[in-house]
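# A structural walkthrough
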Amino acid sequence: MSISTESPPQVITEPWWPAYGRFADHCIQCSTCKAVDGQGMNLRLPCAKHDQLHGEYRQARKESRT
């Protein structure tokens with residue numbers, strides 16, 4: 001039997017974290033946001049949903065600082 005010595009993952013309790021998670025999940029799944037050129041460089045083509053989620057994330061960060 002093997003006993004793991006790794007520490008458990010940290011739980012992030014920041015109030016902006018859910019908004020960041022939605023934004024990040026979108027960016028890694030959206031074909032527009034992750035479009036690349038022939039050399040594999042991201043084309044930086046954010047979609048409307050990206051812009052909306054990024055705005056929500058920025059607002060959540062701003063609110064958490066006040």
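The rules we used
- Residues numbered from 1 in each chain as written.
- Predicted model: local features only at pLDDT ≥ 70, side-chain atom pairs only at ≥ 80, totals over all residues.
- Heavy atoms only, no water.
- Helix = DSSP H or I, 4+ residues; strand = E, 2+ residues; numbered from the N terminus.
- Rg over C-alpha atoms; globule rule 2.2 N^0.38 Å.
- Buried < 20%, exposed > 50% of the residue type's maximum accessible area, 1.4 Å probe, protein only.
- Contact = heavy atoms within 4.5 Å.
- Phe/Tyr/Trp six-rings, centres within 6.5 Å; stacked < 30°, edge-to-face > 60°.
- Lys NZ or Arg CZ within 6 Å of the ring centre and 35° of its normal.

## Topic: the overall build of the chain
Within the chain, the regular secondary structure consists of two helices and zero strands. Relative to the 2.2 N^0.38 estimate, which gives 11 Å for 66 residues, the radius of gyration of the chain is 17 Å and therefore markedly larger than a compact globule would have. Counting only C-alpha atoms and orienting by the principal axes, one finds that the chain spans roughly 45 × 40 × 15 Å. Within the chain, the fraction of its 66 residues that count as buried is 18%. Put simply, 42% of the contacts in the chain that link residues at least 6 apart link residues at least 24 apart.

## Digging into the packing of aromatic side chains
The full count for this structure, using the stated rule, is six aromatic pairs. Above the ring of Trp-16, the side-chain terminus of Arg-61 is found at 4.3 Å from the ring centroid.

## With respect to the environment of Tyr-20
Turning to its location among the elements, Tyr-20 is positioned in helix 1 (residues 17-29). Given a relative accessible area of 32%, Tyr-20 falls into the partly exposed group. A C-alpha to C-alpha distance of 8.2 Å links Tyr-20 and Leu-53, two positions 33 residues apart in sequence.

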